[in-house]
Amino acid sequence: MIKITVGISKEHIAIKCVGHANYNTCGDDIVCSAISTLLQTLCYSLEELTKDKIKASLEKGEGYIGVYHPTCKSITLVNGFVIGCREVSHTYPDYVQLEIKI
């Protein structure tokens, strides 16, 4: 199962994705691919579209993105990521768990 934790405050946004969906074999797992794509797109969008201070680590089976003193643009991008993850978790509830901490 992929566990996604998103913590949002005025001072900091922290996103952590850990695990593998195990929906299918490696390379054919559409659930892992969906979450990986959302996380990578968020990371690159934050880097290219904002001037916020970002710390990111995207490793196989574990990803982390931190945004320090997020602007409205970063918050909007993160909200888009959350919406995408929420929809994947609704479609594949046995494979993706999403937790939002505000």
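Preceding this section is the structure that the text describes.
None of the values given here were measured: they were computed from a predicted structure. Along each chain, the written sequence defines residue order, and numbers are assigned to residues from 1. Local features in this predicted model are restricted to residues of pLDDT 70 or higher, and side-chain atom pairs are both shown and tallied only at a pLDDT of 80 or more, whereas totals for entire chains, interfaces and linings draw on every residue. Each side-chain value is derived from all of the structure's non-hydrogen atoms; neither hydrogens nor water enter the calculation.

Draft legend 1. Inspection of the packing of helix α1 (residues 30–49) against helix α2 (residues 72–91) at higher detail. Working convention: axes come from line fits to C-alpha atoms, limited for helices to the stretch in contact. Angles between N-to-C directions cover 0 to 180 degrees. Here a helix means four or more residues in a row that DSSP labels H or I, a strand means two or more in a row labelled E, and each is numbered from the N terminus. Across the interface, α1 lies against α2 with an axial gap of 10 Å and an inter-helix angle of 175°. Judged by the angle between their axes, α1 and α2 are roughly antiparallel. Together, Val 31, Ala 34, Ile 35, Leu 38, Leu 39, Leu 42, Ser 45, Leu 46 and Leu 49 of α1 and Lys 73, Ser 74, Leu 77, Val 78, Phe 81, Gly 84, Cys 85 and Val 88 of α2 make up the contact between the two elements. The classification used treats Ala, Val, Leu, Ile, Met, Phe, Trp, Tyr, Cys and Pro as nonpolar, Asp, Glu, Lys and Arg as charged, and all other residues, Gly among them, as polar. Looking at the contact of α1 with α2, its residues break down into 13 nonpolar, three polar and one charged. These descriptions rest on fixed angle ranges, namely under 35 degrees for roughly parallel, over 145 for roughly antiparallel, 65 to 115 for roughly perpendicular, and the rest for oblique. Residue contacts are counted whenever heavy atoms from the two residues lie within 4.5 Å of one another.

Draft legend 2. Summary view of the side chain of Ser 89. Note that Ser 89 resides in helix α2. Those residues within four positions of Ser 89 in sequence are excluded, and the remaining contacts are Val 96 and Leu 98.

Draft legend 3. Examining the packing of aromatic side chains more closely. We call Phe, Tyr and Trp rings a pair once their centres come within 6.5 Å, taking the six-membered ring for Trp, and we label the pair stacked below 30 degrees between planes, edge-to-face above 60, and tilted otherwise. All told, the structure shown has two aromatic pairs when counted by the stated rule. Between the aromatic rings of Tyr 23 and Tyr 92, the centroid separation amounts to 5.1 Å while the plane-to-plane angle is 75°, which identifies the pairing as edge-to-face. One end of the pair, Tyr 23, is in the loop between β2 (12–18) and α1; the other, Tyr 92, is in the loop between α2 and β5 (96–101), with 69 residues separating them in the sequence. Arranged with centres 5.1 Å apart and planes meeting at 90°, the rings of Tyr 23 and Tyr 95 form a pair that is edge-to-face. Remark: Tyr 95 occurs in the loop between α2 and β5 and Tyr 23 occurs in the loop between β2 and α1; sequence separation between them is 72 residues. A residue is classified by how much of its surface remains accessible, and Tyr 23, at 35% relative accessible area, is partly exposed. Connected via pairs of aromatic rings, a cluster forms that spans Tyr 23, Tyr 92 and Tyr 95. Over the ring of Tyr 68 we find Lys 53; its NZ or CZ atom is 5.6 Å from the centre of that ring. Only protein chains enter the accessibility calculation, which uses a 1.4 Å probe; a residue is then buried when its area is under 20% of its type maximum, exposed when over 50%, and partly exposed in between. Definition used: whenever NZ (Lys) or CZ (Arg) falls within 6 Å of the ring centre and also within 35 degrees of the ring normal, the charge is taken to sit over that ring.

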